[in-house]
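An overview of the molecular structure
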Amino acid sequence: MAPGHYFWAIFYFACLCSASLANNAKVNFREKEKKILDQILGAGKYDARIRPSGINGTDLEATQVFVNMFLRSISKIDDYKMEYSVQLTFREQWLDERLKFDDIGGRLKYLTLTEANRVWMPDLFFSNEKEGHFHNIIMPNVYIRIFPYGSVLYSIRISLTLACPMNLKLYPLDRQVCSLRMASYGWTTADLVFLWKEGDPVQVVKNLHLPRFTLEKFLTDYCNSKTNTGEYSCLKVDLLFKREFSYYLIQIYIPCCMLVIVSWVSFWLDQGAVPARVSLGVTTLLTMATQTSGINASLPPVSYTKAIDVWTGVCLTFVFGALLEFALVNYASRSADRAADMHRENMKKKRRELEQASLDAASDLLDTDSNATFAMKPLVRHPGDPLALEKLRQCEVHMQAPKRPNCCRSWLAKFPTRKCSRSKRIDVISRITFPLVFALFNLVYWSTYLFREEEEE
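Residues numbered from 1 in each chain as written. Predicted model: local features only at pLDDT ≥ 70, side-chain atom pairs only at ≥ 80, totals over all residues. Heavy atoms only, no water.

Topic: the side chain of E33
- When you line up the elements, E33 lands in helix α2 (residues 29–41).
- If near-sequence neighbours (up to four positions away) are discounted, E33 is found in contact with L108 and L111. (Helix = DSSP H or I, 4+ residues; strand = E, 2+ residues; numbered from the N terminus. Contact = heavy atoms within 4.5 Å.)

What follows is the structure, given as structure tokens:
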């Protein structure tokens, strides 16, 4: 071939390449997207009322919808209403072969829609939902992506208030499991099946903070339900929450212990200080009752006994027992006073009788004959005198060596047995008995409920 022909061939090829590049540079992808959407979603071409085909495009198989979610926040867990509020990004993905399109050599990755009613949607609902709403600020937080091979991704941001039945027997040493349940409303498992996305179906935002709980872990599972209209596909997420005990230790347990200990101060007050002991007992009792009613006001009325009920009930019993102890001390003291008064009256009566008898004897002596003689007893006793021997024996007894003191008798000597000291004896016994019994109760309480908490874990 002549050199001129080579030149014209190369020039022609260069012109073709430049034209092709110019045409590619002028391609409007937004216009292409519009044409593709009109092509696959145009009138008479796509019916959103008909569900997609199943596996391998067969109509006999159920449509599979893969679900995953991103847990953004948990705002509150309400013990009284037994509910919790959560905000999440919910995603569903399924295959609809009717939506396949040309990706222009891999340049068009996906199409985006903001209107969910343009394509077929699964009829999923949250079965334990109480309240819920979508987010529309600034624009509706929802999108649909259609991929070239017909896959559809639906994503929406929602806030939900969900029911969470709780078992409060170990409150506040308890753990609660709150579920998030999703099910099909109208399509049975023969037409629609929900599946968890492989890999990581549930994601939780980092540094999730709750005021009174800690999210320990979460589990995904299936919960298909059968009714008289058929079997429906269901998914669930179980969120395991552990209650933070430090808050209740500071707000409930330590104040109750302090109130019980303050009620014991009356045991060291004088039994005659009636106003002080009554005021202390009544004040601690009313404060403890107010604390108990405040705790119960934040909890639902349940038919079983909670761990906090046992604690507040026993603390209230101890405070009430301290007040009753003073009533017993006061009664014993007044009984002793009455007994002492009666004893003094009897002694005065006997003394008056003796004085009267001595006066009568003196008058009888004055009336006797003045010449009467009296026999004088000798001042010195003979050695064989039995009276002298008896006196000597008594002296020997008193001069014997003292016995060695016994510790138990010394401790028991602190508890007087005379009637006038009975009230003091009650106070001394209460100073030892009340703290010992309360310490024993704490040992049993904490060992029992902490062990039961470990068993449930």
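Structural notes on the pairing of strand β2 (residues 83–95)
- Summarising burial for β2: 10 of the 13 residues are buried, a large majority.
- Pairing of strand β1 (residues 63–78) with β2 involves 12 bridges; the strand directions are antiparallel. Within the sheet, the bridge partner assigned to F70 lies in β2 and is T89.
- Here β1 hands over to β2 after 4 residues, with M82 in that stretch at a positive phi of 55°.
- Across 13 bridges, β2 lies against strand β7 (residues 151–163) in antiparallel orientation. Bridge pairing links E83 to A163 in β7. (Buried < 20%, exposed > 50% of the residue type's maximum accessible area, 1.4 Å probe, protein only. Pairing = 2+ DSSP bridges.)

Brief notes about a positive patch on the surface
- Together, K348, K349, R351 and R352 line one region of the surface with positive charge.
- Summarising the element assignment, K348 is placed in helix α5 (residues 307–367).
- The exposure class of K348 is partly exposed, given its relative accessible area of 41%. (Patch = residues over 30% accessible without salt bridge, like charges linked within 9 Å, V, L, I, M, F, W, Y side chains within 5 Å. Areas by Shrake-Rupley, 256 points an atom, 1.4 Å probe, with all protein chains shown as cover. Salt bridge = Lys/Arg side-chain N within 4 Å of Asp/Glu carboxyl O. Lys, Arg positive; Asp, Glu negative; His and termini not counted. Charge placed at Lys NZ, Arg CZ, Asp CG, Glu CD.)

Some points on the nonpolar core
- Counting 76 residues, the largest nonpolar core has M69, Y84, F90, L180 and M182 as the members making the most contacts within it.
- Sorting elements by how many residues they give to this core places α5 first, with 7 residues.
- Excluding anything up to four places from it in sequence, M182 contacts V67, M69, F90, L124, F125, F126, W196, S233, C234, L235 and V237. (Core = buried A, V, L, I, M, F, W, Y, C linked by side-chain atoms within 4.5 Å.)

Some thoughts on the pattern of salt bridges
- Per the stated rule, a full pass over the model turns up 12 salt bridges.
- Among the ionic pairs, D79 bridges to R243, the shortest N-O distance being 2.9 Å. Here R243 lies in strand β14 (residues 234–243) and D79 lies in the loop between β1 and β2, a separation of 164 residues in the sequence. Pair check on accessibility: D79 and R243 agree, each one buried.
- Ionic pairing is found between K236 and D238, a salt bridge with its closest N-O pair at 3.7 Å. For the residue pair K236 and D238, the accessibility class agrees, reading buried in each case.

Points about the sheet that holds strand β4 (residues 124–126)
- Read across the sheet, 4 strands follow the order β4-β8-β14-β11 without closing on themselves; strand pairing throughout is antiparallel. Pairing within the sheet leaves two strands with one partner each, and these edge strands are β4 and β11 (213–222). Across the sheet, the mean angle from the axis of one strand to that of its neighbour is 20°, orientation sign disregarded.
- Bridge analysis of β11 against β14 gives 9 bridges, and the strand direction is antiparallel. Bridge pairing links T214 to K242 in β14. (Axes fitted to C-alpha atoms, helices over the stretch in contact; angles between N-to-C directions.)

Some thoughts on unusual backbone geometry
- In this structure, I138 follows I137 across a cis peptide bond, with omega equal to 0°.
- If you trace the backbone, I138 turns up in the loop between β5 (129–134) and β6 (142–146).
- Backbone geometry places I104, a non-glycine residue, at a positive phi of 55°.
- With respect to the element layout, I104 can be found in the loop between β2 and β3 (111–113).

A closer look at the pairing of strand β8 (residues 175–184)
- Where burial is concerned, most of β8 is hidden: 8 out of the 10 residues are buried.
- Sheet analysis places β4 next to β8, joined by 3 bridges and oriented antiparallel. When the bridges of β8 are listed, F125 appears paired with A183.
- Strand direction decides the pairing type here: β8 and β14, joined by 9 bridges, are antiparallel. Pairing of V177 across the sheet is with L240, part of β14.

Concerning the packing of helix α3 (residues 245–263) against helix α4 (residues 274–297)
- Running from N to C, α3 and α4 point in directions that differ by 165°, and their axes come no closer than 9 Å. In terms of orientation, α3 and α4 fall into the roughly antiparallel class. Considering how the two elements wind past one another, α3 and α4 form a crossing that is left-handed. Contacts between α3 and α4 involve Q251, I252, P255, C256, L259, V262 and S263 on the former and, on the latter, L280, T284, T287, M288, Q291 and I295.
- In the contact of α3 with α4, the residues fall into 8 nonpolar, 5 polar and no charged. (Parallel < 35°, antiparallel > 145°, perpendicular 65-115°, else oblique. Left-handed = near helix turned anticlockwise from the far one by under 90°. Nonpolar A, V, L, I, M, F, W, Y, C, P; charged D, E, K, R; others polar.)

Considerations on empty space enclosed by the protein
- With the rule as written, the count across this model stands at 1 cavity of 30 Å³ or more.
- Taken as a whole, the largest cavity spans an internal volume of roughly 40 Å³.
- In terms of lining residues, the largest cavity is bounded by M69, L71, L180, V202, V237 and L239.
- For the lining of the largest cavity, the elements supplying multiple residues, two or more each, are β1 and β14.
- The residue inventory of the lining of the largest cavity, partitioned by class, reads 6 nonpolar, no polar and no charged. (1 Å grid on protein atoms, 1.4 Å probe; cavity = no way out; pocket = protein on both sides within 12 Å on 5 of 7 lines; lining within 4 Å. Points joined across faces, edges and corners; volume = space filled by probe spheres on them.)

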